[in-house]
Amino acid sequence: MLVLGTLMASAKGLVPGYLRCEYKESPVTDALRPRLSWELSAVENNQVQTAYQILVASSIEKLTEKDADLWNSGKTAGRSTAQVEYAGKPLASRKVCYWKVRSWDKNGLAGEWSKPSQWEMGLLGKSEWKGQWIGLDLDRLGRGKVYHLPPAPYLRKEVTIRNGIKKARLYVTALGLYEFTINGKKAGDAFLTPGWTDYDKRVYYQTYDVTADLKAGRNALASQLSYGWYAGYLGYSLLVKNPVVRAFYGKVPSLKAQLEVEYADGKTETFVTDQTWKANQGALLESDLLNGETYDARLEQTGWNMAGFDDSRWKNPQVFADKVEREIQVYPGPPVKITQTLQVVSRKDRGNGAYIFDMGQNYAGIVRLHVKGRAGDTVRLRFGEKLYPDGRLMTENLRMARATDTYILKGDPADETWEPKFTFHGFQYVEVTGLREAPTDQTLLGLVIGSDTPKVGTFQTDNAMVNQLYSNIDWTQRANYVDIPTDCPQRDERIGWTGDAQVYVKSATFNRDVASFFTKWVVDLNDGQYENGAYPLYAPRPNLRKTDTFSPGWMEAGIICPYQIYQTYGDTRMIRNGWADMVQFMDFLDVRSKGAYLFKENAFADINPKGGFGDWLSFGKKTPPDMLASFYYAYCADLMAEMAAAIGNAKDQQRFAETGRKVRDAIRGHYVDQQGRFKCDQKAYGNGAGYVDGSLGFTGHTQTAYANAIYMDIIAPADRTKAGTYLTELLKENGDKLGTGFLGAKPLLPALSATGHSDLAYKLFLSKAFPSWGFEVENGSTTIWERWDSFTKEDGFKYNAAMNSFSHYAFGAVCEWMFGNAAGIVMTKPGFETFDIRPEIAPDSMGRDGINHLKASLRTINGIIASEWNKADGKLTMKVTVPVNTLAHIYVPAGENTQLLVNGKQLSSSAPVKNLGRRDSCTVVEAGSGSYEFTVER
């Protein structure tokens, strides 16, 4: 359940709350000019901030106007409550900065100061790192017939701490994955640290406050390592039999850490990783992200991570010199964590000692095993998303990912509890074998793992199917936003496909706060950019297949994702930091088009697959991929022009505005016939060999073509209505069923709504027939599927298991229409400083399968927006919440002679909202902050 949090407001003035730095509460950062943000609350309606004042100090005691020794902004005119850059004294490594803020309201009244918050500076530069990379090469071990899974290295060191500890910080990173403990206690609660990057360019580190974990005297520093993305199995290299199936970046995981202790007398000590540590292997025999873990509890060395352990038989670790000049930076994203626990829903005895546990939800994560038995008993856990009709676990869609965890008991007479540390699976069902006694529901506990992106959206209706669909969308996002935006969490792939990411990014922002998540991943994307300027198919980019390069509809993520973060959060720093990369990509398109500002048929025939992936998993004749590439060319030029304006780059703004115009003119001249229909030269594609589903043939006259053209404003304004008509005709010819794939599904419903066909959009949205979103729900889904018909109750699994993921968020991009059209929450100025509430009310003709009540909310960077509508007793009621410091235009569907009540009173000049008149069969009102109820007699 989402608790958005209510900021308490005093009787007068503005009250700041939810103070954040770089999108996080009390973070560690290495941004030299960290960005600050806060939310405002007020009792009085129509409130705005007219000025603010920020104090930053080196201690709580100095956090006053008189003593603030780092920064006193003074009274600063303006409405900004986010993206406010620190402008005080230069900040050094390790500096702890305390801050607070107050705001002046529309009446010039200064509000009370916020509660203090803080941020801390990390290690600013590689020279601050004194520790060495250490590890233990166990690569010769673990060679099996199919998999090569060496045991995990264990590292330890005892240090002596003096009395009078004042402050202690632990800085840790790894090539691979690590878990670090001090005196047996895990540092932090993050999982899969330090995350996946292009390790030749950068690696991230975590900072832990371990002041309370140390004691005077002997202390044990210890770490387990795993192979992770650095040295383990990676992506679909298993499927394509790539000779580099594992150890893509390196063979040996290694650790770099330093513990810095400050004492009350002002002295400091630093303890680092070096050759004096000790190393060994232990109970963790196999450890791999894709294949799972094997743990033999009989091999545990009790107390190995505690002081006093005898490590005389352990080896000294190997020390590895840096072979590349990589950056070491603070991890900028949200930590990957165990975000939720799930109880077993049911279990079934399959006979022969096998049991199937149903966790009730398809998710990414692991399970905690609670078991009792004899030493040497081996319990195996296999994971799957679905069951066959006869109750067997379906694992074929995992391809070569073994996805198996094995626990070998030590024979504790009480009981034993175990969970893996360096793997995760995508699953709903667990097959358990090797139990000595019949299991109970307490045998397993589900541990949900994902990037800890705060929930910001809610969406609820009186339609059970729609509610389940929204749950499916959010769960799929959670399962795939694990450090990077993966395509799927279960099979031997799990990579950051750029096409999936770009079509879904706007939907993602409606569900969860993904600002820091994309702050991290956009760096991965820029790091993976090819020398010719093209963005890759996936990021990070380890080139899992020699043929992997780029694809239209995928590579544009490098433009679309930063643009969406700018739109949602008002973030211009991401634009500035990546501007050279984005311009290089646009240069690539210009060069690729050979000055024609158009991609004609076969323009991308030199890549694999020919033309790229196109409208992946669509039905029927294919939309020409080169035409879609041209659409994206124009669309990216538009976004670039808008972003150039946002950063004050007038020259590039003019350039890209002109590029967008030229590409549109070229598209209309080549791909549009005299009737305004899209066309293509089908003969140019021959028999379609080498193209995705090329044997089906190509035509420009498709649902995907018109949906994208309307969404991206490709067509001339005068032809917009005609394009909408063509789109509806194509849908009717297909039995009012969609035929779109990854690139066509997202814009389909928005295009229908934009051209006056909201009723048809609702019909598609609420349909339960194949193919549709409702079809998946009707067939028992708890997440979004890769294919429209991945499974049916009647026919089971219809497709090649190799391409049949049941947790794939791309088709969940319908969420954009749900919030933006059905709920009508439309941003009109970045950061939702201004926005429209313009809900499209579901038609009455849908009957019981329709929607009569809808309630949605979104916590923006300025606060909570809420939009609710209800049809009952011949009345339409709308309830709207507008955050402080924002302005909304609210569209109320009301006839000219229909009575409209606002908060129970007739709309008039004295109403709390301003009547802007009639527009598109609506009465439009302007409203500042507050909550409003509109009632219309229907």
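Rules of the game
Residues numbered from 1 in each chain as written. Predicted model: local features only at pLDDT ≥ 70, side-chain atom pairs only at ≥ 80, totals over all residues. Heavy atoms only, no water. Axes fitted to C-alpha atoms, helices over the stretch in contact; angles between N-to-C directions. Helix = DSSP H or I, 4+ residues; strand = E, 2+ residues; numbered from the N terminus. Parallel < 35°, antiparallel > 145°, perpendicular 65-115°, else oblique. Left-handed = near helix turned anticlockwise from the far one by under 90°. Contact = heavy atoms within 4.5 Å. Nonpolar A, V, L, I, M, F, W, Y, C, P; charged D, E, K, R; others polar. Buried < 20%, exposed > 50% of the residue type's maximum accessible area, 1.4 Å probe, protein only. Pairing = 2+ DSSP bridges.

1. With respect to the packing of helix α7 (residues 625-646) against helix α8 (residues 650-671)
For any two helices packed against each other, one specifies the crossing angle of their axes together with the interaxial distance. Direction vectors running N to C along α7 and α8 enclose 160°, while the axes themselves pass 8 Å from each other. The angle between α7 and α8 falls in the class roughly antiparallel. Seen from above, α7 lies across α8 with left-handed handedness. Contacts from D626, M627, S630, F631, Y633, A634, A637, D638, M640, A641, A644 and A645 of α7 reach α8 at D652, Q653, F656, A657, T659, G660, V663, R664, I667 and Y671. Here the residues of the contact of α7 with α8 are counted per class, giving 14 nonpolar, four polar and four charged.

2. Looking at the environment of G195
Of note, G195 is situated in the loop between β14 (185-186) and β15 (202-209). On the basis of relative accessible area, G195 is assigned to the buried category, the value being 4%. Taking C-alpha positions, G195 is 8.8 Å from G228, a pair spaced 33 residues apart along the chain. Apart from residues no more than four positions distant in its own chain, G195 is found in contact with W229, Y331 and D483.

3. Here's the deal with the pairing of strand β39 (residues 825-829)
Sheet analysis places β39 next to strand β40 (residues 834-837), joined by four bridges and oriented antiparallel. Bridge pairing in β40 links M827 to F835. Counting the residues that bridge the hairpin from β39 to β40 gives four residues, and of these G831 lies at a positive phi of roughly 80°.

4. What about the sheet that holds strand β13 (residues 177-182)?
The strand order β14-β13-β16-β11-β19 describes an open sheet built from five strands, whose pairing is antiparallel. Strands at the two margins of the open sheet, each flanked by one partner only, are β14 and β19 (278-281).

5. Points about the side chain of S618
As for its placement among the helices and strands, S618 is situated in the loop between α6 (573-592) and α7. Setting aside residues no more than four positions away along its own chain, S618 makes contact with G739, T740 and G741.

6. Focus: the pairing of strand β25 (residues 346-351)
Pairing of β25 with strand β26 (residues 354-371) involves five bridges; the strand directions are antiparallel. Across the sheet, the residue bridging to G351 is A354, located in β26. From the end of β25 to the start of β26, which pair antiparallel, there are two residues, and N352 there has a positive phi angle of about 55°.

7. Observations concerning the sheet that holds strand β45 (residues 900-902)
Overall, antiparallel pairing links the seven strands, which are arranged β34-β41-β42-β43-β49-β45-β46 in an open sheet. Each edge of the open sheet is held by one strand with a lone partner, namely β34 (457-461) and β46 (905-906).

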